[in-house]
Amino acid sequence: ARDGLDALTDELADGRRPDLALHLRIERAAALDPGDALAELAAAQASAERIGHRGMVLAAQVRSAAAAAVHDAVRAQRAATEALALHERGVRSVLLLPAEPWLHAAQALRGVGDPVAQALACRGAEWLQRTAAEQVPAPFRESFLQRNPINRELLHLASTLSRD
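Residues numbered from 1 in each chain as written. Predicted model: local features only at pLDDT ≥ 70, side-chain atom pairs only at ≥ 80, totals over all residues. Heavy atoms only, no water.

A. Layout of the overall build of the protein. Along the backbone of the protein there are 9 helices and 0 strands. Its helices and strands in sequence order give the protein the pattern α-α-α-α-α-α-α-α-α, from N to C terminus. Expected size for 164 residues packed as a compact globule is a radius of gyration near 15 Å; at 16 Å, the protein falls within 12% of this value. When each of the 164 residues of the protein is scored for burial, the buried share is 43%. Partitioning the contacts of the protein with sequence separation of at least 6, the portion at a separation of at least 24 is 59%. If you sum the accessible surface of the protein, you get close to 8700 Å²; carbon and sulfur atoms cover 53% of it. Averaging the locations of the 19 positively and 21 negatively charged side chains of the protein gives two centres separated by 5 Å. (Helix = DSSP H or I, 4+ residues; strand = E, 2+ residues; numbered from the N terminus. Rg over C-alpha atoms; globule rule 2.2 N^0.38 Å. Buried < 20%, exposed > 50% of the residue type's maximum accessible area, 1.4 Å probe, protein only. Contact = heavy atoms within 4.5 Å. Areas by Shrake-Rupley, 256 points an atom, 1.4 Å probe, with all protein chains shown as cover. Lys, Arg positive; Asp, Glu negative; His and termini not counted. Charge placed at Lys NZ, Arg CZ, Asp CG, Glu CD.)

Okay, structure coming up:
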């Protein structure tokens, strides 16, 4: 199945549907070991920049920050900083859950001891709490905050960093 996905991704990237090819490349990177994932994400980011698809650039940067966090803290910090700059300018990606940029950037910055990690995680947690209060019906709020793994992890990280 993987060979078929690789062939389809390559075929789409040849100009027919570069946007869909980027989507597949970024998602496929999650199944690779960190070194290969980072190479795949860097290539996807370069392709996204070439065609001006800022949402895919953001997704590649956020996923790069997550992939590099364990093995290359400096690279993770760089990817996180670039992703945050786009996120702060209002760029969004259909590939990412809304809390992912805050979570992965805060984790990457925490990895290099950057004190901005706490403020970033707390800002994301505040957004989650506000969104839950304003947009999620009361019976579903706890599920939104705690059953979604990205949301739960961001809330936990914000709490942990606030105590440290």
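B. Spatial organisation of the packing of helix α4 (residues 54-68) against helix α5 (residues 73-88). For the pair α4 and α5, the least separation of the axes is 8 Å and the interaxial angle reads 150°. As summarised for this structure, α4 and α5 are arranged roughly antiparallel, according to the angle between their axes. Here the hand of the crossing between α4 and α5 comes out left-handed. Across the interface between the two elements, R54, V57, L58, Q61, V62, S64, A65 and A68 from α4 touch A73, R75, A76, A79, A80, E82, A83, L86 and H87 from α5. (Axes fitted to C-alpha atoms, helices over the stretch in contact; angles between N-to-C directions. Parallel < 35°, antiparallel > 145°, perpendicular 65-115°, else oblique. Left-handed = near helix turned anticlockwise from the far one by under 90°.)

C. Focus on the side chain of E100. With respect to the helices and strands, the residue E100 is situated in helix α6 (residues 100-111). Not counting chain neighbours up to four residues away, the residues in contact with E100 comprise V62, R63, L95, A105 and I150.

D. Looking closely at the pattern of salt bridges. In the structure shown here, the tally under the stated rule is 6 salt bridges. R17 serves as the salt-bridge partner of D19, at 3.1 Å between the closest nitrogen and oxygen. The class of R17 is partly exposed, set by a relative accessible area of 40%. Put simply, R25, R28 and E40 are held in one network by salt bridges that share partners. (Salt bridge = Lys/Arg side-chain N within 4 Å of Asp/Glu carboxyl O.)

All quantities given are derived from atomic positions and should not be read as evidence of function.
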